[in-house]
Amino acid sequence: MANEKNLTPFTSDQSHDEAVKNGKKGGVASGAARRRRKTMRQTLNTLLSAGLDVSEQEFVEKVTPRLQALGIDVENATYQDVMLAGILLKAIRGDVRAAEFIRDTGGDSPHLDIKKQELKLRKEELRFRQELETKKAAAEASGSEEGEKEAVHIYLPDNGRGG
């Protein structure tokens, strides 16, 4: 972990070569940390997808009624099934964090919905700007002057009042 003692800030006292060398060391350390996290995720996924160890009789007897109540076949159950069943039961009992985990894991995260909406708006804004640039370039190519404005027509609906 980084702390104030092992950080070497880029300062004007540091030469360009030293800054490059320090940046390279940071990149190498970042890559190593990323590889460790990936390995940890893969190991966790392997463990979660492993079948329940029937030699752990006490554990299996304890979780069997819960799994059966949720319609999960105990003989084909994995540790991930047991974990999710436990979290689901906590959520049913009123644990808000467990309920949020279940909701988010199921793909109904409001945070993700907001991010998707923001992305959609950014794409629309980019498309609008590109169209505007294309129109501007076409107008310049056709020889229209900068001062000329495109005519705007406003159509108002007939509201039945006559007139």
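Quick notes on the rules
Residues numbered from 1 in each chain as written. Predicted model: local features only at pLDDT ≥ 70, side-chain atom pairs only at ≥ 80, totals over all residues. Heavy atoms only, no water. Helix = DSSP H or I, 4+ residues; strand = E, 2+ residues; numbered from the N terminus. Buried < 20%, exposed > 50% of the residue type's maximum accessible area, 1.4 Å probe, protein only. Patch = residues over 30% accessible without salt bridge, like charges linked within 9 Å, V, L, I, M, F, W, Y side chains within 5 Å. Areas by Shrake-Rupley, 256 points an atom, 1.4 Å probe, with all protein chains shown as cover. Salt bridge = Lys/Arg side-chain N within 4 Å of Asp/Glu carboxyl O. Expected span 1.5 Å × (residues − 1). Bend = angle between axes of the 7 residues up to and from the residue. Contact = heavy atoms within 4.5 Å.

Draft legend 1. Representation of the side chain of Thr78. Within the secondary structure layout, Thr78 lies in the loop between helix 2 (57–69) and helix 3 (79–92). Under the relative-accessibility criterion, Thr78 is labelled buried at 15%.

Draft legend 2. Local environment of a nonpolar patch on the surface. A cluster of nonpolar side chains, namely Val152, Ile154 and Leu156, defines an oily patch on the protein surface of about 400 Å² accessible area. Assessed through its relative accessible area of 70%, Val152 is described here as exposed.

Draft legend 3. Broad picture of helix 2. Taking 1.5 Å of rise per residue, the 13 residues of helix 2 would be expected to cover 18 Å, and the 19 Å separating its terminal C-alpha atoms lies within 8% of that figure. Approximately 35° is the largest bend angle found in helix 2, and it occurs at Val63, with the proline Pro65 only one to four residues beyond. When helix 2 is considered as a whole, its buried residues turn out to be Val60, Val63, Thr64 and Leu67. Looking at the buried side of helix 2, the elements it contacts are helix 3. Gly71 occupies a position one or two residues after helix 2 and carries a positive phi of about 80°.

Draft legend 4. Structural detail: the pattern of salt bridges. Scanning all chains against the criterion turns up two salt bridges. For the salt bridge of Arg103 with Asp104, the shortest nitrogen-to-oxygen distance reads 2.9 Å. Glu125 is the partner of Arg129 in a salt bridge, and the nearest nitrogen-oxygen pair spans 2.7 Å. One end of the pair, Arg129, and the other, Glu125, are both in helix 5 (residues 110–141), four residues apart, so they sit about a helical turn from each other. Owing to a relative accessible area of 38%, Glu125 belongs among the partly exposed residues under this scheme.

Read these as geometric descriptors, not functional statements.
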